[in-house]
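# Descriptive analysis of the structure
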Amino acid sequence: MAGRVPIPAVLDDLLLVADDVVLVREESTVAGMRLLLDHAALVVEPSAGLGVAAITGDRDRFAGRSVATVVCGGNVDMAVHRHWTGGAQAREH
């Protein structure tokens, strides 16, 4: 995720390990959060929606490859999450 102020040490580390960067729109991030809620019953923070959005937003790029993304949820305001996801509650499977 983009930060408000880049931290030089973090940027230096990132440049050593990152091969590519994917731009994801905010609405795609929310769609990724909704997908995780609807299909995995996971309540996640927006940063978790980013990886899902990047993967689902360019399926051809990742087709036939093993792909992973970090899924986290410790920094989510539940009222805001319900607003973003349309008030959906985790569904029983």
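Residues numbered from 1 in each chain as written. Predicted model: local features only at pLDDT ≥ 70, side-chain atom pairs only at ≥ 80, totals over all residues. Heavy atoms only, no water.

### Focus: the confidence of the model for the protein chain
Across the protein chain, pLDDT averages 84, with 89% of residues at or above 70. Averaged over each element, pLDDT in the protein chain is lowest for helix α5 (residues 78-84) (84) and highest for helix α4 (residues 59-62) (92). (pLDDT = per-residue confidence, 0-100. Helix = DSSP H or I, 4+ residues; strand = E, 2+ residues; numbered from the N terminus.)

### Details of the side chain of T85
Along the polypeptide, T85 turns up in the segment after α5. Using a relative accessible area of 4% as the deciding quantity, one classes T85 as buried. Only 2.8 Å separates the side chain of T85 from the backbone oxygen of H81, close enough to count as a polar contact. Those residues within four positions of T85 in sequence are excluded, and the remaining contacts are M33, R34 and L37. (Buried < 20%, exposed > 50% of the residue type's maximum accessible area, 1.4 Å probe, protein only. Polar contact = N/O pair within 3.5 Å; in protein donor to acceptor, adjacent residues only side chain to side chain. Contact = heavy atoms within 4.5 Å.)

### Details of the nonpolar core
Residues M33, L36, V44, A48 and V52 constitute the largest nonpolar core, which totals five residues. Listed by contribution, the elements that provide at least two residues to this core are α2 (26-40) and α3 (46-57). Once you skip the residues sitting within four places of it in the chain, M33 turns out to touch V44, E45, P46, G49, H81, W84 and T85. (Core = buried A, V, L, I, M, F, W, Y, C linked by side-chain atoms within 4.5 Å.)

### Focus on α3
End to end, α3 covers 16 Å across 12 residues, agreeing with the expected 16 Å (1.5 Å per residue, within 8%). If you check which residues of α3 are buried, you get A48, G49, G51, V52, A53 and A54. (Expected span 1.5 Å × (residues − 1).)

### Comments concerning the pattern of salt bridges
For the coordinates displayed, the defined rule picks out one salt bridge. Of the charged contacts in the structure, one is a salt bridge between D20 and R61, with a shortest N-O distance of 2.0 Å. Here D20, found in the loop between α1 (8-17) and α2, pairs with R61, found in helix α4; they are 41 residues apart in sequence, far enough to count as distant. Owing to a relative accessible area of 31%, R61 belongs among the partly exposed residues under this scheme. (Salt bridge = Lys/Arg side-chain N within 4 Å of Asp/Glu carboxyl O.)

### Description of the side chain of T29
Along the chain, the position of T29 falls in helix α2. If we ignore the near neighbours within four places in the chain, the residues touching T29 are V24, P46, G49, L50 and A53.

### A closer look at unusual backbone geometry
Here the phi dihedral of A41 falls at roughly 55°; this positive angle occurs in a residue that is not glycine. Positionally, A41 belongs in the loop between α2 and α3. In this structure A41 comes out as partly exposed when scored by relative accessible area, which is 31%.

### Thoughts on α2
When the terminal C-alpha atoms of α2 are compared, their 21 Å separation across 15 residues agrees well with the 21 Å that a helix rising 1.5 Å per residue should span. Among the residues of α2, T29, V30, G32, M33, L36 and L37 are the ones counted as buried. Taken end-on, α2 shows its buried residues confined to a sector of 155°, consistent with a single buried face. Relative to its buried face, α2 has exposed residues pointing more than 90 degrees away, namely E27 and H39. Each element contacted by the buried residues of α2 is listed here: α3 and α5. Of the residues trailing α2, A41 is marked for its positive phi of about 55°. (Arc of directions from axis to C-beta.)

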